[in-house]
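A look at the structure
Here is how the chains run, residue by residue.
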Amino acid sequence: MGIACGIVGLPNVGKSTLFNALTSNQAEAANYPFCTIDPNVGVVEVPDKRLDVLSEIYQTLRTVPTIMEFVDIAGLVKGAASGEGLGNQFLSHIRETDAVAHVVRCFVDENVIHVDNVINPKSDIETIETELMLKDVESVEKRMENVNKKARGQDKDAKEEMEILAALKAHLNSGKQARLFNRDDEKIVAIVKQCFLLTDKPVMYIVNTDEDGLKNGNKYIEQVRAIAKEEGALVVPICAKIEAEIAQLDPEDRALFLQDLGMEESGLDRVIREAYTLLGLITYLTAGKKEVRAWTVKKNSTAPQAAAAIHTDFEKGFIRAEVMKYADVSRLGSEQAVKDAGQYRVEGKEYIVQDGDVLYFRFNV
């Protein structure tokens, strides 16, 4: 399944540096606003140590991780919603993504220009959120114009939709993101979804700090944490400069470098994993001599829905799923040992696939 996470923020907060490290691409990362105009798109592997363990157990010929896309979107500025700094173009790029990774600058460096000449994460976040909300108000108003024609014709559903849209517009104008809008009814959910709102996308804050901030924290990071707590958002601290260095190293040197920094894993691995979680995704696994592979599905997917990730025929002709838990396979050391221990199960169409399930599908078409 194609999953994309857009990287947004003000100019010069470290978006392109982060993107380069994530994808090992060399997107332009210059010390001036709007060095990125067209969005750079990179495909990254989702880190999963379970694949290595299964590959060792099955002595597989190849290992295939699951992937997701990151999109480096140009820096937004105040007035973007009305076209400032090519804002309309950049905002349309965000609309095409599934989630937002908001990079916030939390370090002081006189050699790196800040677009407002002051380090203030709270203000930076408010600037971006305000522009996104203004664009969302515009989207809701356009929707209202279309629906209002039907409402004037005494269309009952259209009148009800107008009421919901009016409440949504008021919510946005009060400075609250669309994702915080109350949705206690399926009709409200459907109407909001049809508006394709920018602030309805799940968000995580990536705080870009220096090495000291990464180890000890600082007042800027705490500002972001406080905002994220109010919104129920995720926060991932990284040092984009360090991550760029790590990305250039060989795997063995990378491990030593992380050890020297006192880090168990790179910040990029955390970013990828948290983005994956943010989107409500889980991974199931298939394993055999030819291949060990990770597959991406939405949380709470049924076995037939999960089977469709491999091929739609698997869902159409689904018979059953044979299930092992990764924990059992890794603990017992082989598929046969799992069977001998009575932990190999057969599940039907109603089974909800769990993260880390090792699955075999039986189907007939």
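Let's shift gears to the overall build of the protein chain. The helix and strand tally for the protein chain stands at 15 helices and 12 strands. Burial statistics for the protein chain: of 365 residues in total, 48% are counted as buried. Here the contacts in the protein chain between residues at least 6 apart in sequence split such that 69% fall between residues at least 24 apart. Element-wise, carbon and sulfur atoms account for 48% of the exposed surface of the protein chain, whose accessible area totals about 18,300 Å².

The next thing to look at is the nonpolar core. Among the nonpolar cores identified, the biggest contains 53 residues, and M68, F70 and Y205 are the most heavily contacted of them. With near-sequence residues (within four places) excluded, F70 lies in contact with C5, I7, F19, L22, N40, V41, G42, V44, V271, I272 and A275.

Bringing the pairing of strand β9 (residues 291-298) into the picture now. Judged by how many residues are buried, β9 sits mostly within the fold: seven of eight residues are covered. Where strand β3 (residues 62-64) and β9 come together, three bridges link them in parallel fashion. From the neighbouring strand, V64 faces β9, where its bridge partner is R293. Both strand β8 (residues 281-287) and β9 contribute to a ladder of seven bridges, which runs antiparallel. Of the residues in β9, the one forming a bridge with L285 is A294.

As a further point, take the environment of A247. If you trace the backbone, A247 turns up in helix α9 (residues 240-247). Residue classification places A247 among the buried residues on the basis of a relative accessible area of 17%. For the pair A247 and L22, spaced 225 residues apart in the sequence, the C-alpha separation amounts to 7.6 Å.

On to the confidence of the model for the protein chain, then. Mean pLDDT over the protein chain: 85, with 88% of residues reaching 70 or higher. Every residue in residues 25-38 scores below 50 in pLDDT, and together they form 40 contacts with partners more than four places removed in sequence or on other chains. pLDDT under 50 marks residues 80-87. Its contacts with residues more than four places away, or in other chains, come to 19 contacts.

Next up on the list: the packing of aromatic side chains. In the structure shown here, the tally under the stated rule is four aromatic pairs. Summarising the aromatic geometry, the rings of Y284 and W295 are spaced 6.5 Å apart at their centres and angled 20° between planes, so their arrangement reads as stacked. With a gap of 11 residues between them, Y284 in strand β8 and W295 in strand β9 connect regions that are remote in the sequence. This pair shows no difference in class: Y284 is buried, exactly as W295 is. Ring pairs connect the aromatic residues Y284, W295, F318 and F361, which therefore count as one cluster. Its guanidinium or amino end placed over the ring of F107, R105 lies 4.4 Å from that ring's centre, counting from NZ or CZ. Seen from the ring of Y344, K339 lies directly overhead, with NZ or CZ sitting 4.8 Å from the centre.

The rules we used
Residues numbered from 1 in each chain as written. Predicted model: local features only at pLDDT ≥ 70, side-chain atom pairs only at ≥ 80, totals over all residues. Heavy atoms only, no water. Helix = DSSP H or I, 4+ residues; strand = E, 2+ residues; numbered from the N terminus. Buried < 20%, exposed > 50% of the residue type's maximum accessible area, 1.4 Å probe, protein only. Contact = heavy atoms within 4.5 Å. Areas by Shrake-Rupley, 256 points an atom, 1.4 Å probe, with all protein chains shown as cover. Core = buried A, V, L, I, M, F, W, Y, C linked by side-chain atoms within 4.5 Å. Pairing = 2+ DSSP bridges. pLDDT = per-residue confidence, 0-100. Phe/Tyr/Trp six-rings, centres within 6.5 Å; stacked < 30°, edge-to-face > 60°. Lys NZ or Arg CZ within 6 Å of the ring centre and 35° of its normal.

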